[in-house]
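Remarks on the overall topology
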Amino acid sequence: MLQKTKGIKLGLFKTRTSVLEKISNLFKKETEGENLWDELEQILIEADMGVGVTKDVLENLRKHVRMIADKEEILNSLEKELLGNFLHDGRSLNSSTTPPAVVLMLGVNGVGKTLTTSKLAYKLKKEGSKILLAASDTFRAAAIEQLGILSKKIEVDMIKHSYGADPAAVCYDAVEAAKARGVDFLIIDTAGRSHIDKNLMESLKKIRRVIDSRFPGMLKEILLVLDATTGQNALSQAKTFVDSLGVTGIVMTKLDGTAKGGIIVAIEKELKIPIKFIGTGENLEDFEVFDPKVFVSSLFEE
Ligand SMILES: Nc1nc2c(ncn2[C@@H]2O[C@H](COP(=O)(O)OP(=O)(O)OP(=O)(O)O)[C@@H](O)[C@H]2O)c(=O)[nH]1
Ligand SMILES: [Mg+2]
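Residues numbered from 1 in each chain as written. Chains lettered and ligands numbered in written order. Predicted model: local features only at pLDDT ≥ 70, side-chain atom pairs only at ≥ 80, totals over all residues. Heavy atoms only, no water.

A closer look at the environment of K55
Where we set the bar: The secondary structure listing takes helices from DSSP runs of H or I that are at least 4 residues long and strands from runs of E that are at least 2 residues long, numbered from the N terminus. Think of it in three bands: residues with accessible area under 20% of the maximum for their type are buried, residues over 50% are exposed, and the middle band is partly exposed, with areas taken using a 1.4 Å probe on protein chains only. Think of a polar contact as two N or O atoms within 3.5 Å of one another; within protein, one of them needs to be a possible hydrogen donor and the other a possible acceptor, and neighboring residues in sequence only count if both atoms come from side chains.
Residue placement: K55 occurs in helix α4 (residues 51-64). You can call K55 partly exposed: its relative accessible area is 45%. On a C-alpha basis, the gap between K55 and T258 in space is 22 Å, while along the polypeptide they are 203 residues apart. Side-chain polar atoms of K55 contact the side chain of E41, separated by 2.9 Å.

Have a look at this one:
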């Protein structure tokens, strides 16, 4: 538990120091009245909490706190208000009473799908589950090799075809193999490309169709991987995936690389889809189940 908290705290280092520094400066400058509220609004927007969330949070805050007495008071109240924006449940990974549970990883290029696929596999394996990976990114040269290296590192088997093969055929074979081998979770890595790429969307829809029609009920999770460093762009990308493919959960990666970690709040509030995991670095261990309470307290704890 202690280690988990440390993970997210370090991962949120840039966001936390930026937000806290700016709030400290407010009090050093002895900003008062409307100016103080305006500057606070600016701080939350700069952390990428989004205009909607920021307005709601400050409106509620103003109802309860007429005069901001000190920094502590503001931090405590902000913590409470931000927490109110998160969903109450549905955060754990969907599994299956009749395994395998199939987990499909989606996202535009470079967001961290392949590394996240391996991080998730590694975590589930350490928890005692039997895992199989599928290299369904047959589009990018070297994608199969990249997942191959990671799968060896974590000692998990991988199903692959060759470069250029039909991604849905890889998935079909992988589900058959997962059934035959008594696997608990089959995790499928897919190709990236720009989200406006029609071919990618069609290819992903075909994967969904094949799994849903040939193996009804087995697709338990469609995890959308989003790169926190892309800020509000992540939100528009997410909407496209949610509308065309359905998404059961979100993984927010690269939180360690941004001062705009507030995007987490904006995404969950706007999409009403649970953020299930976060990535906080390039190591396989830099990955954890997302906990809003820990997130919010890590954000404001000095
Ligand atoms: N700092 C940091 N880097 C990350 C994190 N997750 C992924 N990366 C890095 O992001 C880069 C891209 O990761 P990939 O897993 O290859 O991304 P992808 O979405 O599979 O990319 P494509 O297959 O090209 O679409 C790599 O250099 C990863 O090490 C994270 O949580 N933190
Ligand atoms: Mg990849």
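So, next bit.
Things to note about the packing of helix α5 (residues 71-83) against helix α12 (residues 292-300)
Formally: Angular values range over 0 to 180 degrees, each being the angle between N-to-C directions of two axes fitted as lines to C-alpha atoms, with helices fitted over their stretch in contact. Relative orientations are named as follows: roughly parallel for angles under 35 degrees, roughly antiparallel for angles over 145 degrees, roughly perpendicular for angles from 65 to 115 degrees, and oblique for any other angle. Working rule for handedness: look at the near helix, and if it is turned counterclockwise from the far one by less than a right angle, call the crossing left-handed; if clockwise, right-handed. In this description, contact between two residues means that some pair of their heavy atoms is separated by no more than 4.5 Å. Under this grouping Gly is polar, as are all residues other than the nonpolar Ala, Val, Leu, Ile, Met, Phe, Trp, Tyr, Cys and Pro and the charged Asp, Glu, Lys and Arg.
Interhelical geometry of α5 versus α12 gives an angle of 155° and a closest axis separation of 10 Å. In terms of their interaxial angle, α5 and α12 are classed as roughly antiparallel. Remark: the crossing between α5 and α12 carries right-handed chirality. Each of L75, L78, E79, L82 and L83 in α5 lies in contact with α12, whose residues at this interface are P292, K293, V296, S297, L299 and F300. In the contact of α5 with α12, the residues fall into 8 nonpolar, 1 polar and 2 charged.

Comments concerning unusual backbone geometry
The linkage connecting P99 with the following residue, P100, adopts the cis geometry, with an omega of 5°. Its place among the elements puts P100 in the loop between α5 and β1 (101-106). Although it is not a glycine, D48 adopts a positive phi angle of roughly 70°. One non-glycine residue, A142, lies in the positive phi region at around 80°. Relative to the assigned elements, A142 resides in the loop between β2 (131-135) and α7 (143-153). Given the relative accessible area of 45%, A142 is considered partly exposed.

Things to note about helix α2 (residues 13-28)
Given 3.6 residues per helical turn, the α-helix brings residues three or four places apart onto the same face. Rules: By this rule, a helix spans an expected 1.5 Å times one less than how many residues it contains. The directions considered for the arc are those from the helix axis to the C-beta atoms.
Between its terminal C-alpha atoms α2 stretches 22 Å, which fits the 22 Å expected from 16 residues at 1.5 Å a residue. Buried residues of α2: T15, R16, V19, L20, I23, S24 and L26, and no others. The arc that holds the buried residues of α2, viewed along the axis, is 150°, so those residues lie on one side. Every exposed residue of α2 that faces more than 90 degrees away from the buried side is listed here: E21 and K28. Once α2 ends, the next one or two residues include E30, with phi positive near 55°.

Just geometry here; none of it tells us what the structure is for.
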